[in-house]
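# Summary of the model geometry
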Amino acid sequence: MLRLFDTAKGEVVPFETREPGRVSMYVCGPTVYGPPHLGHGRFSLVFDVLRRYLLWRGNDVVYVSNITDIEDKIIARAAEQGVDPAAFALEQEAVWWEVMDGIGVMRPTHDPHATAYVPEMVALIERLVASGAAYETSDGVYFRAEVVADYGLLARQSIDSLRAGARVEANEEKRSPIDFALWKKAKPGEPSWPSPWGDGRPGWHTECVVMSLDLLGEGFDLHGGGQDLSFPHHENERAQAVADGKRFSTHWVHNGFVEVEGEKMSKSLGNFTNLSDLVAQFDPRAYRLLVLRAHYRSPIEVNVASASDASAALARLDTFARAAARLPVALPDDKVLASFVAAMDDDLDTPAAMALLFDTVRRANTAIDDGRLDEAAGLAGAAQEIARAVGLQLHAEAGEIPDDIAALARARDEARAARDWARADAVRDEVQAAGYVVEDTPSGTEVRPA
Ligand SMILES: [Zn+2]
């Protein structure tokens, strides 16, 4: 059974679902005010891997991830550029999907937009005001954190220590520094919606409560996001659900931070914190492999060396996939698959799963070299299943290799077979000069774009 670290419980627990074989998960999506950065890429990949693994294990998965299309940063950025905030958000959202598609993240089952849920958010805030869990001030409506007895559950801190640690704000109408805005009254020129407290817009913490409960229902299975969201965002989502008398998410899962190598790299590679830049400069699958090679709760450091290394490792997997395509048909080695499941079920131990994948590929290559083709086929099948389960697409087709280059590769094999090394080297040089990488594999020369 899958076990995951639950932030609310502070330990690894069995992942129990509301309905057997059917997983409901909600992952906080982006505020669309700029191009996705590496942190966005990481949470998207971590939860994509979890989703794919659950699917691979035979579950149905309903995956909801929102688009925050109204927020202070969107308004500010649109104003800087002198454009309409709604049009600006739409444009940024298109960039988001393009990059996510590029790194192979499956589209959510539902992608609710904050602006489409304003009446439902207003209704929730009205209920919270009516029950005394929220109060109006001159600039908005605030939630009284103290009405939730276990406020601080996700922060793993008591409400008193949170209150003591909160920064003192200029807003004197707030009854406690840990109270947070549910509704922001509009300033002139800002986008706004009508409400009982005048025109304004919802605070960020309200949309996910309303959208997750609407699309997944009470007591849905998992709420996830980057570690930076556990407090205050997820704490505040949960507080509203509790105060509204709703059963919220059963499990809370958060992924670690991304550390980007400093100044030196940003000079040589431009703004490397931008996910599109990483995708443009390396194999688009490289970031997934980097994310998989670290445990999801550990910080990862992204730098030129680790990204290049991941690209090279993927090229080796592709070479292997091409060799595997010529093996006899066989069932995947079930011992390997059992080890894979054991690793993944242990709080998604993807570093162990990746070590197993590369070890299985090495063993399969050795078996090919030794002519043990049935054994190689079983190992290859298991390696391909592992890759599929974590969303690493392998390219068994050589891809865009023009006929003349493919012909040169065959000519090199013929020269080598005839022990004409000078000719073989000359052909290799010609292929490399044309911009291709030449690799020797057990089944002959393989060529791929450099
Ligand atoms: Zn959220």
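Residues numbered from 1 in each chain as written. Predicted model: local features only at pLDDT ≥ 70, side-chain atom pairs only at ≥ 80, totals over all residues. Heavy atoms only, no water.

Below, the discussion takes up helix 4 (residues 118–130). Its 13 residues give helix 4 an end-to-end C-alpha distance of 18 Å, which sits within 8% of 18 Å, the value for a rise of 1.5 Å per residue. Inspection of helix 4 places Val118, Met121, Val122, Leu124, Ile125 and Leu128 among the buried residues, and these make up the whole buried set. End-on, the buried residues of helix 4 take up no more than an arc of 160°, which puts them together on one face. Of the exposed residues in helix 4, those oriented more than 90 degrees away from the buried face are Pro119 and Ala130. (Helix = DSSP H or I, 4+ residues; strand = E, 2+ residues; numbered from the N terminus. Expected span 1.5 Å × (residues − 1). Buried < 20%, exposed > 50% of the residue type's maximum accessible area, 1.4 Å probe, protein only. Arc of directions from axis to C-beta.)

Turning next to the nonpolar core. Met25, Phe47, Tyr287 and Phe340 are the most contacted members of the largest nonpolar core, which has 83 residues in total. In terms of residue count, the dominant contributor to this core is helix 1 (residues 38–56) (ten residues). Within the second largest apolar cluster, 43 residues are counted, among which are Leu154, Val210, Leu229 and Ala241. (Core = buried A, V, L, I, M, F, W, Y, C linked by side-chain atoms within 4.5 Å.)

On to the sheet that holds strand 9 (residues 222–226), then. Spatially, four strands are ordered 4-3-9-10 in an open sheet, and the strand pairing comes out parallel. One side of each edge strand has no neighbouring strand; the edge strands of this open sheet are strand 4 (60–65) and strand 10 (251–255). For this sheet the average axis-to-axis angle between neighbouring strands, irrespective of direction, equals 20°. In terms of strand pairing, strand 3 (residues 22–27) meets strand 4 through six bridges, oriented parallel. Residue pairing across strands places Tyr26 opposite Val64, the latter belonging to strand 4. Contacts between helix 6 (residues 204–216) and the sheet are confined to strand 3 and strand 4, with strand 3 contributing the most and set at about 160° to the helix. Along the sheet face, helix 7 (residues 230–243) touches strand 9 and strand 10 and points at about 155° away from the line of strand 9. (Pairing = 2+ DSSP bridges. Axes fitted to C-alpha atoms, helices over the stretch in contact; angles between N-to-C directions. Contact = heavy atoms within 4.5 Å.)

Right, let's get into the packing of aromatic side chains. Counted by the stated rule, this structure contains ten aromatic pairs. For the pair Tyr53 and Trp56, a centre-to-centre distance of 6.1 Å together with 25° between the ring planes defines the contact as stacked. Highlighted residues: Tyr53 and Trp56, both in helix 1, separated by three residues, approximately one helical turn. Consider the rings of Tyr151 and Phe231, whose centres lie 6.4 Å apart with planes at 70°: the pair is edge-to-face. (Phe/Tyr/Trp six-rings, centres within 6.5 Å; stacked < 30°, edge-to-face > 60°.)

There is about 1,000 Å³ of room inside the largest pocket. Trp204, His205, Asp228, Leu229 and Pro232 are the residues nearest the centre of the largest pocket, which is lined by 41 residues in total. Among the secondary structure elements, those contributing two or more residues to the lining of the largest pocket are helix 1, helix 2 (72–81), strand 7 (180–185), helix 6 and helix 7. Counting residues per element, the lining of the largest pocket draws most heavily on helix 1, at four residues. Its residues assigned to classes, the lining of the largest pocket comprises 18 nonpolar, 13 polar and ten charged. (1 Å grid on protein atoms, 1.4 Å probe; cavity = no way out; pocket = protein on both sides within 12 Å on 5 of 7 lines; lining within 4 Å. Points joined across faces, edges and corners; volume = space filled by probe spheres on them. Nonpolar A, V, L, I, M, F, W, Y, C, P; charged D, E, K, R; others polar.)

Two residues of an α-helix separated by three or four positions point the same way, owing to the 3.6 residues in each turn. Listed in full, the buried residues belonging to helix 2 are Ile74, Ile75 and Ala78. Summarising the axial view, the buried residues of helix 2 lie within an arc of 95°, below the 170-degree limit, and thus occupy one face. The inward-facing, buried residues of helix 2 abut helix 3 (85–102) and strand 8 (200–202). By the N-cap criterion, in which a side-chain oxygen at the helix start approaches the backbone nitrogen of a residue two or three places on, helix 2 is capped by Glu71, the distance to Lys73 being 3.1 Å. (Polar contact = N/O pair within 3.5 Å; in protein donor to acceptor, adjacent residues only side chain to side chain.)

Time to look at the domain arrangement of the protein chain. For the protein chain, the domain assignment lists domain 1 (17–255), domain 2 (258–389) and domain 3 (403–449). Each of domain 1 and domain 2 has a C-alpha centre, and the two are 33 Å apart. Facing the 26 residues of domain 1 at the interface are 32 residues of domain 2. Taken together, both faces of the contact between domain 1 and domain 2 bury some 2,300 Å²; the carbon and sulfur share is 67%. The largest contributions to the domain 1 side of the interface with domain 2 come from Leu38, Arg42 and Trp56, which together make up 37% of the buried area. Linking domain 1 with domain 2 are two salt bridges, by the criterion used here. Of the charged contacts in the structure, one is a salt bridge between Asp48 and Arg288, with a shortest N-O distance of 2.8 Å. (Domains from an automatic or database assignment. Buried area = accessible area lost by both parts, 1.4 Å probe. Salt bridge = Lys/Arg side-chain N within 4 Å of Asp/Glu carboxyl O.)

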